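# Observations on the model geometry
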Amino acid sequence: MRNTNNGGYFLYHSIGLYPGKEEDMAEAMADFSRVWAAPNDKQWGYVLRKRQDFIEAWGRLINAPKGSITHVDNVTEGLHRVMRALPEARLKGRKVLVGADCFPSLHFLLAGLAPKIGFELVTVPRADGKAWVETGDFIAHWGRDVALALLTWVTSTASARIDYPALVAHGREMGSLMVADITQAAGLIPFDVMAPKIDFVVSTSLKWLCGTPGAGIVYTDKATIGDLTPETRGWFSQNNPFSWDLDKFQYAPDARRFDTGTPGSVAAIASLPALRWFTAQDQAAIAARNRSMVDRIIAHADDLGLPLLSPREAERRGGAAMLRMPSKAEAAAVVGALGVEGYSVDFRDSILRLSPGIVTEEGAVDTVFDIARTVMNRRRARYAGRGADLKAKGAAMSTDLMGNLGMALLAGDIRVVDCTARLGPDTPILRLPEDFAKNTPKVEIHKISEYDKDGPFFAWNWMVLGEHSGTHFDAPHHWLSGKDFEDGFTDTLDVQRLIAPVNVIDCSAEAEADPDFLLTADRVKAWEVEHGEIGPGEWVVMRTDWDKRMHDEELFLNEDPDPYEDGSHSPGPSTDCIDYLLGKGIVGWGTQCVGTDAGMAGKFSPPYPAHNFLHRDNCFGLASLCNLDQLPPKGAILIAAPLKIERGTGSPIRALALVPKG
């Protein structure tokens, strides 16, 4: 379980948090539960009143006239209802204009509707080197043949704000309808549907408004409503929902015509406390504080040399700063390390996204970048032979290092511990559900000759062998997250990384008591206090003594007897454990179980974090290791060399540890 730190919350581009949110939502949902579960007929009056309160709260927020807003699940549904309600002649044979930086879900929708309705979808591209579509470029594509334009008020990818008044004025001149998606800044930056007047608005109650999923809205200019005939309709589309005459259906005269059947209202009820809380605050002060913290983020990014993908000018951006990290793996490692320490930041590909808001503490900005700087420095030193500080220390070492090592080996002062299981027909092999994936075959050893007629002077065998059989090595290309590394195969990886110091974390007592034991980041930190810090470029292995079960495949795999469980009971790392270790800059992770993840890790979020995160970071995995009880917590060297298989995703290995006697 990750630590939580409200002051370190930077996710207002995603969900949103305000003081007392949990308590307010719990109270609202408890009230709903009491009413809905009561043995009477009072439920619908309560539910529909609360839904109407939600709609009216939104109306006050964006200055929408009564009857111009209704509740939808999300922005995509809202836009769909608008597009299918417009008269066919309004769109057919004409263009719909959208920016390449729009919310992708809306582009997916419009691309699917284009051939059905008969309009041409025109996507305005970003200019070279730009993370957002410039207002001038959008206008340059906007002629009188554009029937409708989707205006993304603030982009989700760059937090860039369009020149909204200029675009609306141009749209009026072109005679186009306009839909404004205000999702990314609603509640942070004031928005008024009447100034300038807009035809349609779609949004959600997530993000700065701190609501829940399923609490979206669609607004329609009242002058336009009468021309709209929504494709989907039901009893709540009428002025009187309880009009049951099958031949006298009439759309409601206002935005209720966008309603359909019985409205799903729980999300609106759950979001209402947040809307009420937010509208009672000094919104100008909230926005000013956000601008100050984003400016601070930008200054730190400049200091670290991280390119800014958002506008520098506060009046041209929303409430977030998007930063380009050196790679997706770097972004993931920094975000993971921050999460372990209780700081909530996220990333998309190589873009780090930070949105400080109501609960974010100003000092947290500095701490986030202190952690980011430390993680990035560690990771620069994680490749063997490339750590500048370690090289400096090495200058003081004996020039006869290799000779001393050789003498120590010959003298027996260094013991070689075999950390490898015997490989043969009885070797336990991972079993996956047959309807999910194809399984690795059991190991087979077939004789070619043994000093006989098939080979009179020699003995040799041929084998049936999976790459991930027995004590084995997982290369980055083994997992989807590592598929793009050209040095992620067993024949292309950097062999300098295969021999490194090893940290052995003893969890044998815990694993014996609980086969589902998880090693957490906090447990690793406690181990470091006792034994010393884990360094960049080092191996980390989890000792569980699970190798003592290898004589019995069923005992070793320890699969759950329930066929619907799709898992086994074996120890492994938690998600935050892997995040923490990658932030330390390790070369790889190893276990004594059949795989690098816990047996039930398929149920984690995300599933299989060791595989997912390690290989996303171009790191290695080791499984089915043995004899870790013969290794000290620190001080040994692990040699884990896979076969040089062409485009290999892994390999059985002979894992050896060099352990000093003492």
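Before reading on, note that the structure itself is shown above.
Overview of the structure.

Definitions and limits used
- Residues numbered from 1 in each chain as written.
- Predicted model: local features only at pLDDT ≥ 70, side-chain atom pairs only at ≥ 80, totals over all residues.
- Heavy atoms only, no water.
- Helix = DSSP H or I, 4+ residues; strand = E, 2+ residues; numbered from the N terminus.
- Buried < 20%, exposed > 50% of the residue type's maximum accessible area, 1.4 Å probe, protein only.
- Areas by Shrake-Rupley, 256 points an atom, 1.4 Å probe, with all protein chains shown as cover.
- Lys, Arg positive; Asp, Glu negative; His and termini not counted.
- Charge placed at Lys NZ, Arg CZ, Asp CG, Glu CD.
- Polar contact = N/O pair within 3.5 Å; in protein donor to acceptor, adjacent residues only side chain to side chain.
- Contact = heavy atoms within 4.5 Å.
- Patch = residues over 30% accessible without salt bridge, like charges linked within 9 Å, V, L, I, M, F, W, Y side chains within 5 Å.
- Salt bridge = Lys/Arg side-chain N within 4 Å of Asp/Glu carboxyl O.

## Focus: the overall build of the protein
- Scanning the protein for helices and strands turns up 19 helices and 23 strands.
- Overall, the C-alpha framework of the protein stretches about 95 × 55 × 50 Å when taken along its three principal axes.
- Every one of the 662 residues in the protein was classed for burial, and the buried ones make up 52%.
- Counting only carbon and sulfur atoms, one obtains 54% of the accessible surface of the protein, whose full area is about 29700 Å².
- Distance between charge centroids for the protein: 6 Å, based on 69 positive and 87 negative side chains.

## Some words on the side chain of Thr 420
- Relative to the helices and strands, Thr 420 is located in the loop between β11 (414-418) and β12 (444-452).
- Polar side-chain contacts of Thr 420 include one of 2.8 Å to the side chain of Asp 418.
- A polar contact is formed between the side chain of Thr 420 and the backbone nitrogen of Ala 655, at a distance of 2.7 Å.
- Once residues within four sequence positions are removed from consideration, Thr 420 is found in contact with Thr 471, Cys 626, Ile 653, Arg 654 and Ala 655.

## Side note on the side chain of Arg 543
- Relative to the elements of secondary structure, Arg 543 occurs in strand β17 (residues 539-543).
- Here Asp 506 takes part through its side chain, which lies 3.1 Å from a polar atom of the side chain of Arg 543.
- Among all residues touching Arg 543, those that are not within four sequence positions of it are Val 504, Ile 505, Asp 506, Cys 507, Ser 508, Gln 592, Leu 628 and Asp 629.

## Regarding a nonpolar patch on the surface
- Together, Ile 448, Phe 457, Phe 458, Trp 460 and Trp 462 make up an exposed nonpolar region whose accessible area comes to about 590 Å².
- Inspection of the secondary structure assignment puts Trp 462 in strand β13 (residues 455-464).
- A residue is classified by how much of its surface remains accessible, and Trp 462, at 44% relative accessible area, is partly exposed.

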